[in-house]
Structures are given as structure tokens and as C-alpha cells.
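# Results of the structural survey
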2 protein chains.
Amino acid sequence: MIAKPLDDSLRAIVGDTHVITDADVRATYEVDWTRRFSGTSACVVRPANTTEVAEVLLRCSDAGVPVVTQGGNTGMVGGGVPRDREVLLSTVRLDNLHEVDAASAQVSAGAGVTLSHLQNHVRLAGFDFGVDLAARESATVGGMVATNAGGIRVLRHGSMRAQVIGLEAVFADGSVVRRMSGLIKDNAGYDLPSLLVGSEGTLAVITAARLRLVPPLGVRAAALVGVDDAQAAVSLLSKVRDLGTLAAAEVFFAEGLDLVRAHTQLPNPLPAAYPTYVLLEVAARPDPCDEFVKRLSECSEVRDAVVANDVAGQQSLWRYREAHTEAISAEGIPLKLDVSVPIAALAELVAALPTAICAVTPDARLVLFGHLNEGNIHVNVLNAEDCAELVTEAVLRLVSRLNGSISAEHGVGRAKVGWLSLTRSPEEIAAMRAIKCALDPKCLLNPGVLFDDS
Amino acid sequence: MIAKPLDDSLRAIVGDTHVITDADVRATYEVDWTRRFSGTSACVVRPANTTEVAEVLLRCSDAGVPVVTQGGNTGMVGGGVPRDREVLLSTVRLDNLHEVDAASAQVSAGAGVTLSHLQNHVRLAGFDFGVDLAARESATVGGMVATNAGGIRVLRHGSMRAQVIGLEAVFADGSVVRRMSGLIKDNAGYDLPSLLVGSEGTLAVITAARLRLVPPLGVRAAALVGVDDAQAAVSLLSKVRDLGTLAAAEVFFAEGLDLVRAHTQLPNPLPAAYPTYVLLEVAARPDPCDEFVKRLSECSEVRDAVVANDVAGQQSLWRYREAHTEAISAEGIPLKLDVSVPIAALAELVAALPTAICAVTPDARLVLFGHLNEGNIHVNVLNAEDCAELVTEAVLRLVSRLNGSISAEHGVGRAKVGWLSLTRSPEEIAAMRAIKCALDPKCLLNPGVLFDDS
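Rules behind the numbers
Residues numbered from 1 in each chain as written. Chains lettered and ligands numbered in written order. Predicted model: local features only at pLDDT ≥ 70, side-chain atom pairs only at ≥ 80, totals over all residues. Heavy atoms only, no water. Helix = DSSP H or I, 4+ residues; strand = E, 2+ residues; numbered from the N terminus. Buried < 20%, exposed > 50% of the residue type's maximum accessible area, 1.4 Å probe, protein only. Areas by Shrake-Rupley, 256 points an atom, 1.4 Å probe, with all protein chains shown as cover. Pairing = 2+ DSSP bridges. Contact = heavy atoms within 4.5 Å. Buried area = accessible area lost by both parts, 1.4 Å probe. Salt bridge = Lys/Arg side-chain N within 4 Å of Asp/Glu carboxyl O. Polar contact = N/O pair within 3.5 Å; in protein donor to acceptor, adjacent residues only side chain to side chain. Core = buried A, V, L, I, M, F, W, Y, C linked by side-chain atoms within 4.5 Å. Disulfide = S-S within 2.5 Å. Least-squares fit on C-alpha atoms with pLDDT ≥ 70 in both. Phe/Tyr/Trp six-rings, centres within 6.5 Å; stacked < 30°, edge-to-face > 60°. pLDDT = per-residue confidence, 0-100. Axes fitted to C-alpha atoms, helices over the stretch in contact; angles between N-to-C directions. Parallel < 35°, antiparallel > 145°, perpendicular 65-115°, else oblique. Left-handed = near helix turned anticlockwise from the far one by under 90°. Nonpolar A, V, L, I, M, F, W, Y, C, P; charged D, E, K, R; others polar.

### Digging into the overall build of chain A
From N to C terminus, chain A includes 16 helices and 15 strands. Along the three orthogonal principal directions, the C-alpha set of chain A runs to about 75 × 70 × 45 Å. Within the span of chain A, comprising 454 residues, buried residues form 63% of the whole. With an accessible surface of roughly 16200 Å², chain A has 51% of that area assigned to carbon and sulfur atoms.

Here's what the structure looks like:
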């Protein structure tokens, strides 16, 4: 049993019914589904939100009691069950699932949301999720992030790490880090979400994720192929890979097929038997050109458009975009700031920038361009040489107010060290500093970059 | 000037001509191309390989002299130029570019390889690289990794982080971490490559990268669209995103177009002028079905194949693969091991597994299946309940010998803690432990997972 005070204070945080000490009820949490791993917990705690998770962790940290986090309990390696009287933190109630953000093709989901719930939710909005796996009914977003789940769609969409745009997580001391604004380009310091993906609950408790969604690709064809051996399977894959439409490539063998046929009564898929089988799938939309032109014609936003489907025509269209840099430089030395905002705030950024900059220097000339999908605007300010710091300050503060990043692509370097706190919380900067000290304890690598050491 | 002993010992490591102390020669390294950032270096050191980088860093660490790493010197934020008498480590000679690995669609490149060199190299082999940007002639692989470079293809392929399969890097104390075997699924502990991407030279010196390549997608069409404002641009994007073939979405404005036209004499792209312009591009292969069937018919590996282009037919083909798990379980309780190897070693793994397992227990029944593209095999062993540890040991040692991962998807958890050193070097495990201590100093989160604390 844990000491009474901890028990009591956990009840005070999450409510009496969500601290489970009864051995029979606890038992379902204390063994994994492979039945290979089990142990005893002090109690099961089921916080309802991130604040409660933070309070639980702070209290456990003060008491020196370890915490095991459990999602859907579908893990295969004993990473989510207690060993010896840890507090078991269940994410089951962190099941908040936000509306799909269609403009950014993203969704925010609590750690306790199951994969199937997520899939149904995003499919109703016309999207799909890039990771799929057999345990979808019970596997949770938090567990899939913590273990960097893979599955059969990695070939096309990557593993869970590739789906995570941002995370909310709580460190052992109860401090919360949150990067949930959906920025696709955000190069302001260490990417804590990437580090937490696959960390198996050992660095933080993941409470929510901002996830990338993918367009629903109609499957166009699947093929089951008999080949001679594994090397022929590998060789076959290398010959179909550049189709560019490949969506799955699975392999199995005669022994497995025999078992499957005996178990399912399925017929032999091919007239003869082969030592090795490859299941290939291609997924794509039918004709990109026709669809593209048709879609544009249906968009009320389009005032006019020129479409080029020959190389020379395409190059001449790109020239209008790519000549921006040289055309601006021909006018003077621009102050260049590379920022991003959530795409929903892009119009507000574009509208507010002239005012913000004119307030500093009325003669400034502003030229904007950039990458629409990532809300990434390259801000070029001419006639601002004399007040570069003030203009920078005004732009970065505006971006920060819109939940953007002070550095979309270029990084922090030395140029933006003074403004890092506009885009990273004290908790995030503390975590970055801790990692820096852990890996470069003498602070010898690139001093003055990212962190102010003056 | 730096103390003579350091200077001398650096010369002893890299050779006299690659330690530059002459102020005029140093000068080209000491200012960035924006000319906003400059400083003085103690000397410029140009190591030829990773061993020399490690020796340079160890020597600097012993002397307590900071090190600034410089790639192509195309950064925008002063992250790659010295401030005050640091040693400037130039990656220019780390220009080793390996043959394209067509089976895995990957390539290994030294940190000093320029983007254009990389692009030309992989295009000759029938592939493309997922990141492109204007500074391609001088930007280097190492710098692009260190800053998580983006550019115009992020919409389709993601930023640099998404292209990095593995890295080789040297920490401040000279210890080398290397994950260059090309495993796409490798869930054995913290993903140090992900953490190092975007860390701007403050955590380690990146010496080489294992990079994902993409199929060359023929551009099918580009469109330059005039819209009313930034909000209309955002709205338009959300309506064309589900085409699934979108490859670029750039935005610019009337002011920029006017500048460009004045500078380039380009004609007005549309009959009238609009406040906001969106440049969209779709890229895809023409008809996935026809191409797929045609390609399969050309592959000599194919002994026979059944192709389904209707949903029911596709589902019945998938059933052969998906019923494996239940068919195996119906035969007994299998020992399940989830491993991956470089795809070039997949055939060897499949060939060697029966022998390795039979040496432990001759009655074992082995069923393999998995994800071909990721070299990820689910090893199921029936009739091995009595010797699970020994079979596990035999399989994981074989996988380790083939440069594979002991955990492709499922993680390390508690199940594989004892074997982590088969798949992670002492230097990697030390870095993981340092990060763990930095972020969870009391070791309260998931004790016993990933690290042996007994």
C-alpha cells in the first residue's frame, strides 16, 4: 500500500471514483494483453485533463513514487503495466477529440482517444489518418505516440512520428509543455515532440497530440504475387517502387499461407503454390490533371487562373514566384524575417503586418511571399535598415500573438536568441537547456546559438 | 591566438594544410552570406572523416575551447559563423557520397555534400530528393539536417527531418553515434537522429546522413490563380488539398508581382491584376492501375499474380495476409518477435532464421510475415514455450549481426531491456541515459522500461 497522504491527495485531484485501490478492479490494469507482463500497482489514477495529470505527477514526484502510464494496454513489450507498486496513470479519460481543422488538414486528440474513434471522426470530415493497425479498437493516440506505432501504411505515410505535428506532455515534475498550434514549419530549438515520440513513457506523460491528416486515397488495385524467395520479393519491390503510387508491400510465405487456408477455408489465391508471396497495393486518384482543372473551376475563390501542363509553361509560372528574391534585392537591402502561423491565422497575419511595421517606420516597403500550406511567410521589409531591431520585434510579437513561430525554416541561430521566449514556453526552454547540458555539459558546441549565454 | 599546443595537435589530426590560421584565408569562413553575422575564429579546421572530427572535438573539449560547425555557410541567422575565437570546424571535406541503394530507395551522404551534388547523384539513379531550396549549390547535407531545412516541397515530402532515416554524429566529448543502416522501423529507444535534426550544431557535429529518396513524380500541371485576399488563398488550398496529388502551394501578392515584373520584364500572367496569387502544382503518375499491371508484367520475379481492382477482390487478397495472426494463434501460443533489418539483408534473415531457431529447439515451428518495404518481419515461433528466452536471444543476435533492430515496431519496454545493447551502441545508450536523467532526474517515469535499473 502507498502511504495514506499520497492516496488522499490523488483523490483530491481526480475525485474519489478515479483513484482505484480495490485489487480486483486494479487487476484489469495490471496485466498486459500478451499476459507475459504483470505487476502490482499502488493504485490506478484516471485524471480527466492535463491539469490533473500535472498535479498527479507533481504529487508523486514530491512523494518519490514512480508512475507507469497506460493507454489502451495493447503493447507487446510490457511497457505499460506496473512492476512493483507504482502509481498507474491511465489516460482513458483524456478522450477529448476536437473538430477536424480542414484548412490545415489536422486534428487535435487527447491521449486516450482510440485509433478507431480517431479514424471514424476524421473520415466523416473527408480525411484519413496515416497510421492503421490491427489493435485499432483499443490502441490510443497517446500509446501510439509513445511507442511510435507503425503498421501497414508506413510505406506511404510514415510511422506515428511522421503524423505528429505537435504534442502536449507533462514532465515528471509536473511541468507542462505544449505545442498544439499546428505549425508544420517551426524551427525554434530542439523538437521536443520528435524526442517524446517513441520514448515509451520514460520522459513524459503525453496528454494530447496535434495530428496530420492525409487525403483519402482510393485504392486503385491490389495484387497478390507469387515469387521464388525473399530475395525475389525484395527485388520485385525495388522494381515497382518508382510507380510512386505504392501504398503497401507485405510479405508472407508458403507455411503461413497453408496455416491461413487451413484456418479460414480460403481458396488458394493462385493456381499453383509458391515459396513466397508479396501483397502489393497502389492507391491514387485517377487522373491528376483532369481532376485539378475541374476542381479549380468549382472553387469560388478563383478570380482567374492560368494552367500549364507542359514543362515550359510550368517553368514560366514558377518564375513569377522564384524571381521575388532577386527583384526585392534589386530594390535595396531587405530585412528578411521567416515566420509561420497556423494557416487559420494567415490572413490575419497578412492584414496586420503593414500596420505593425508602419507603426515603427512609416516609409517601410513590405513584400510578402511564401509557402501557403505551412502558413510560412517570408517577410521582406525594404527601407528599414535604420530600425531593423524594432521592426523585427514588432513582427515577431505579432507572430507570437497569433500562436506562430518566430522561425519557420531558418532556425534561431544568434539572430533570434533574444526572442525565443516569444515562441517557446519557459518549460520548453528549460527542457531544451537540460538536454543541452546533458549532451554538451561544457557548452562547447556553437556557444551563443539557441541559448543566450551572455 | 589559441594556445600553441591545441593548434599543433589539430594539425597532427587533420594535416597542416587543413588547419587555417591565416587571417585572410579565415575571413571567408568568418562572415555569413547575409553579412549580418561575423566574428573571429581561432582557426579553421577541415577534418577529412568522422574519426578526425571525433579527435578534433576531443582535443577541443580537453582544452576547453568551443567549436562552431560550418557547412555551406548559407544560413540566415548566424548559426554557423564564429563569435570570438572558437575553433571553426568546416565540414567541406566530409563529402563522401555513396552509391544509391535502389532496393531501399536510400542514400548515405557525408555532411559536406551539397544539395545539388546530392540531387544530381540520385537523379542519375532514377530517384529524387524530397527537399529542394534555392541555395542548393552551396547548402550542405549536414547544414540542412542541423537546421531542418524546408523549402517548396514540404507540402508533399515534409521537411529535412522527414528525409532523415539515420545519422552519424559526434558529441562534444568526441564520442560517435551512428545509425546508418537504413532501418525505417527501429523503435529501440530515443530517436537521437530526430533530436539532432534542427539542433543547429549545439548538441553534436553531424558527419553523415542516411537519406530517404522519393520517386521522381512527373509534374502534371501547374496553375497560377488570382484570388481576392489571403483568406481566399487559404480557403482555396483547403478545397484542392484532397486531390492527393498536390505538390506545391505558394502564395504572393500584387506588390511582389509588380516588383518581379519590373525586374524581369515578365508579362502579366493573367489578363487582370489581383490582390493575391496562388501557385499550385500537382504531380503524379498518369494512371496507377495501368502502370501497375504493366510493371508487374515486366518483372521477371513474378511467377504468377492475381490483381484486383474492385473493393471485394482487394479485401479477399488482404485476408490472406491479415488472417496470419489468428491462424497462428489457433495453433498454439506463439513467441512473437518484431524485428527489422536493412532490406538488402532481408533474404539472409529469412534464410538464416530456421537454422538459428532449430539450433535451440528442433521442434519449433516458424511462421514469418511482415512489411517488406521496411524489412520488418514478425517472427512467430510455435512450440517454443519452454525455451522462449533462448529463442529470443538467438533471433535478436542474428538480427543484430545483420545490422537490424531488435524492435521494429513494438518498442523495448521491459521485454527487450536486456538486449538493447545488441542494437544500440554504448555511446547511444549513454546519450539516452543522459537525456533521461536530464528530463526525469528522479527516474520516476516508467522505471525498468528501456533501461535496466535492477
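### A closer look at the pairing of strand E14 (residues 365-371) of chain A
In terms of burial, E14 of chain A is a largely internal element, six of the seven residues being buried. As paired strands, E14 of chain A and strand E15 (residues 376-382) of chain A are joined by seven bridges and run antiparallel to one another. The partner of Leu366 of chain A across the bridge, within E15 of chain A, is Val381 of chain A. Hairpin connection from E14 of chain A to E15 of chain A: four residues lie between these consecutive antiparallel strands, with Gly375 of chain A at a positive phi of about 55°. Here three bridges tie E14 of chain A to strand E10 (residues 246-253) of chain B, and the two strands are oriented antiparallel to one another. Looking at E10 of chain B, one finds that His371 of chain A is bridged to Glu250 of chain B.

### Some thoughts on the interface of chain A and chain B
Across the boundary between the two partners, chain A contributes 178 residues, which contact 179 residues of chain B. Buried area between chain A and chain B, summed over both chains or domains, comes out near 15800 Å², and the portion from carbon and sulfur atoms is 64%. Of all residues in chain A, the largest losses of buried area upon contact with chain B belong to Trp318, Tyr320 and Leu439 of chain A, amounting jointly to 5% of the total for that side. Seen at the junction of chain A and chain B, the total is 10 salt bridges. At the boundary of chain A with chain B, the tally comes to 73 residue pairs in polar contact (both at pLDDT 80 or more).

### Digging into the nonpolar core
Counting 95 residues, the largest nonpolar core has Leu118, Phe129 and Leu211 of chain A together with Leu118, Phe129 and Leu211 of chain B as its most contacted members. Non-local contacts of Leu211 of chain A, meaning those with residues more than four positions away in its chain, are made with Ala105, Gln106, Val107, Ala109, Leu118, Phe129, Val141, Met160, Gln163, Val164 and Ile165 of chain A.

### Points about the state of the cysteines
Chemically, a disulfide is nothing more than a covalent bond linking the sulfur atoms of two cysteines. All names here are of chain A. Under the defined criterion, the tally for this structure stands at zero disulfides over all chains. The structure places no disulfide on Cys60, whose sulfur is separated from the nearest cysteine sulfur, that of Cys43, by 7.2 Å. Since its relative accessible area comes to 0%, Cys60 is described here as buried. In this structure Cys387 is not part of a disulfide, and its nearest cysteine sulfur, from Cys358, lies 11 Å away.

### Section: the side chain of Asp32 of chain B
Position of Asp32 of chain B among the secondary structure elements: in the loop between helix H2 (23-27) and strand E2 (40-45). Aside from chain neighbours lying at most four places away, what touches Asp32 of chain B is Phe37, Asn73, Gly75, Gly78 and Val81 of chain B.

### Quick word on the relation of the copies chain A and chain B
Here chain A sits on chain B after a turn of 180° about the axis and a move of 0.0 Å along it, with an RMSD of 0.0 Å. Interpreted geometrically, this transformation is the action of a two-fold axis. Both copies contact each other with a shared surface, as 100% of the interface residues of chain A are interface residues in chain B too.

### A closer look at the pattern of salt bridges
All names here are of chain A. Taken as a whole and assessed by the stated rule, the structure comprises 48 salt bridges over all chains. Residue Arg123 pairs with Asp128 through a salt bridge whose shortest N-O separation is 3.1 Å. For Asp128, a relative accessible area of 21% translates into the label partly exposed. A salt bridge links Glu348 to Arg401; the shortest N-O distance between them is 3.8 Å. Here Glu348 is found in helix H14 (residues 346-360), whereas its partner Arg401 is found in helix H15 (residues 388-401), with 53 residues between them in sequence.

### Focus: the packing of aromatic side chains
Scanning the model with the defined rule gives six aromatic pairs over all chains in all. With 6.5 Å between their ring centres and 80° between their planes, Tyr274 of chain A and Tyr277 of chain A make a pair best called edge-to-face. For the pair formed by Tyr274 of chain A and Tyr277 of chain A, the shared burial category is buried. Centre to centre, the rings of Tyr190 of chain B and Phe451 of chain B are 5.9 Å apart; their planes meet at 70°, and the pair counts as edge-to-face. One end of the pair, Tyr190 of chain B, is in the loop between strand E7 (176-178) and helix H8 (192-196); the other, Phe451 of chain B, is in the segment after helix H16 (426-439), with 261 residues separating them in the sequence. Assessed through its relative accessible area of 0%, Tyr190 of chain B is described here as buried. One aromatic cluster in this structure is built from Phe252, Tyr274 and Tyr277 of chain A.

### Brief notes about the environment of Phe37 of chain B
Residue position: Phe37 of chain B is located in the loop between H2 and E2. Since its relative accessible area comes to 14%, Phe37 of chain B is described here as buried. Taking the C-alpha atoms as reference points, Phe37 of chain B and Met76 of chain B, separated by 39 residues in sequence, lie 9.0 Å from one another. Phe37 of chain B has contacts with Arg414 and Ala415 of chain A together with Glu30, Val31, Asp32, Met76, Val77, Gly78 and Val81 of chain B, leaving out every residue within four places of it along the chain.

### Quick look at the confidence of the model for chain A
Summing up the model confidence of chain A, the mean pLDDT is 91 and the portion of residues at 70 or higher is 99%. Interface confidence for the predicted complex, given as ipTM, is 0.89, next to a pTM of 0.89.

### Describing the packing of helix H14 (residues 346-360) of chain B against helix H15 (residues 388-401) of chain B
Residues and elements named next belong to chain B. Across the interface, H14 lies against H15 with an axial gap of 9 Å and an inter-helix angle of 150°. By the angle class used here, H14 and H15 are roughly antiparallel. For H14 against H15, the interelement crossing comes out right-handed. On the side of H14, the interface is formed by Glu348, Leu349, Ala352, Leu353, Ala356, Ile357 and Val360, while H15 contributes Leu390, Val391, Ala394, Val395, Leu398, Val399 and Arg401. A class-by-class count of the residues in the contact of H14 with H15 yields 12 nonpolar, no polar and two charged.

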